[in-house]
Amino acid sequence: GWGATQAHLDKVCWLGCPAYVEQQLRAEPRAPLTAAAQTQIEALSIERRSVQELVTEIDGLRRQQDAMPTEDERKPARQAYQQGLNLLAREACHRQLLRQLYAEQQLLEQMSWFWFNHFNVHQYKRELRALLADYEESALRPQALGSFRQLLGAVARHPAMLRYLDNDQNSAGK
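Computed from a predicted model, the values in this text were never measured in an experiment.

K.L.:
Describe the overall build of the chain, with residues and values.
P.N.:
Each helix and strand counted, the chain has 10 helices and 0 strands in total. For the chain, the sequential pattern of α-helices and β-strands runs α-α-α-α-α-α-α-α-α-α. Viewed in the frame of its principal axes, the chain has a C-alpha envelope of about 65 × 40 × 20 Å. The buried share among the 174 residues of the chain stands at 36%. Within the chain, contacts between residues at least 6 apart in sequence are counted, and of these 69% link residues at least 24 apart. Here the chain has roughly 10,400 Å² of accessible surface; of this, 55% comes from carbon and sulfur atoms. In the chain, which carries 21 positive and 21 negative side-chain charges, the distance between the mean positions of the two groups comes to 4 Å.

K.L.:
Go over the side chain of E91, please, and point to the residues and values.
P.N.:
With respect to the secondary-structure elements, E91 resides in helix α6 (residues 71-102). Of the side chains with opposite charge, R48 lies nearest to the buried E91, which makes no salt bridge, at 5.5 Å. Once you skip the residues sitting within four places of it in the chain, E91 turns out to touch L44, S45 and I46.

K.L.:
Provide a residue-level description of the nonpolar core, including the pertinent values.
P.N.:
I46, I58, F119, Y135 and V155 are the most contacted members of the largest nonpolar core, which has 31 residues in total. Those elements giving two or more residues to this core turn out to be α5 (51-67), α6, α7 (106-118), α8 (132-140), α9 (148-157) and α10 (159-164). Those residues within four positions of I58 in sequence are excluded, and the remaining contacts are Y81, G84, L85, L88, E127 and A130. Among the nonpolar cores identified, the runner-up in size contains 5 residues, and L33, A37, I41 and L98 belong to it.

K.L.:
Would you mind going over the packing of α6 against α8 in detail, with residue names and values included?
P.N.:
For the pair α6 and α8, the least separation of the axes is 8 Å and the interaxial angle reads 40°. As the angle between them shows, α6 and α8 are arranged oblique. On the side of α6, the interface is formed by A89, A92, R95, Q96 and R99, while α8 contributes L132, A133, E136 and E137. For the contact of α6 with α8, a count of residues per class yields 4 nonpolar, 1 polar and 4 charged.

K.L.:
Residues and numbers for the side chain of Q96, please.
P.N.:
Examined against the element boundaries, Q96 turns out to sit in helix α6. On the basis of relative accessible area, Q96 is assigned to the buried category, the value being 13%. When residues no more than four places from it in sequence are discounted, the contact partners of Q96 are W113, F116 and E136.

K.L.:
So what about a nonpolar patch on the surface? Which residues, and what values?
P.N.:
A grouping of W2, W113 and F114 is seen on the molecular surface, where their side chains present a nonpolar patch of about 290 Å² in accessible area. On the secondary structure map, W113 appears in helix α7.

K.L.:
Lay out α9 with the relevant residues and their values.
P.N.:
Taken together, the buried positions of α9 are occupied by L151, G153, A154 and V155. Looking at the buried residues of α9, the elements they touch are α7, α8 and α10. A side-chain oxygen of the first residue of α9 lies 3.2 Å from the backbone nitrogen of R149; this N-cap is S147.

K.L.:
Now, about α7: what can you tell me, with residues and values included?
P.N.:
Between its first and last C-alpha atoms α7 spans 18 Å; for 13 residues at 1.5 Å apiece the expected length is 18 Å, and the two agree. Among the residues of α7, those classed as buried are Q106, L108, E109, S112 and W115. The inward-facing, buried residues of α7 abut α1 (6-15), α2 (17-25), α6, α8 and α9.

K.L.:
Outline the packing of α8 against α9, supporting the account with residue identities and numerical values.
P.N.:
Each pair of packed helices can be summarised by the angle the axes make with each other and by the distance between the axes. It is at 9 Å that the axes of α8 and α9 come closest, and there the two elements cross at 150°. By the criterion of interaxial angle, the relationship of α8 to α9 is roughly antiparallel. When the axes of α8 and α9 are compared, the crossing they make is right-handed. Of α9, the residues touching α8 (which contributes Y135, A139 and L140) are L151, A154 and V155. Here the contact of α8 with α9 is built from residues that sort into 6 nonpolar, no polar and no charged.

Cut-offs and rules
- Residues numbered from 1 in each chain as written.
- Predicted model: local features only at pLDDT ≥ 70, side-chain atom pairs only at ≥ 80, totals over all residues.
- Heavy atoms only, no water.
- Helix = DSSP H or I, 4+ residues; strand = E, 2+ residues; numbered from the N terminus.
- Buried < 20%, exposed > 50% of the residue type's maximum accessible area, 1.4 Å probe, protein only.
- Contact = heavy atoms within 4.5 Å.
- Areas by Shrake-Rupley, 256 points an atom, 1.4 Å probe, with all protein chains shown as cover.
- Lys, Arg positive; Asp, Glu negative; His and termini not counted.
- Charge placed at Lys NZ, Arg CZ, Asp CG, Glu CD.
- Salt bridge = Lys/Arg side-chain N within 4 Å of Asp/Glu carboxyl O.
- Core = buried A, V, L, I, M, F, W, Y, C linked by side-chain atoms within 4.5 Å.
- Axes fitted to C-alpha atoms, helices over the stretch in contact; angles between N-to-C directions.
- Parallel < 35°, antiparallel > 145°, perpendicular 65-115°, else oblique.
- Nonpolar A, V, L, I, M, F, W, Y, C, P; charged D, E, K, R; others polar.
- Patch = residues over 30% accessible without salt bridge, like charges linked within 9 Å, V, L, I, M, F, W, Y side chains within 5 Å.
- Polar contact = N/O pair within 3.5 Å; in protein donor to acceptor, adjacent residues only side chain to side chain.
- Expected span 1.5 Å × (residues − 1).
- Left-handed = near helix turned anticlockwise from the far one by under 90°.

Quick look at the structure:
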């Protein structure tokens, strides 16, 4: 995992290695963390709002930026757009870090990180920062310990990967 605590070590001793690993393999992707960590996660906008709401808001900021007639007027709108995207990326990172530090399911956290790294999307391409949290939450974490075929399908169909590969702009066959 990301660092064994004394509680983890005690659990391994109590259950034995085979039973502990088996328990880790049956991890629940949305299992609650410690109260303090869970409270921090629940306060994040990526937890309180749907991905559609977040993308719609970011798209609105981009359109405001594009609608400004002069560069002087566009600059504050561009900054607001970038700040909104950066906030969403920081929140996704913050949630991932809290899970890595405080989750009981350390194998799930390691594998989620592994698959996130393996099926990476460059966050600074277009508005992908608005999709990062959902990409991890709905495409990677639920499949991290399961079937590779299902994981690959979830990744290939997620809007973050489609946009990263520019498939959302593919006009062949509409």
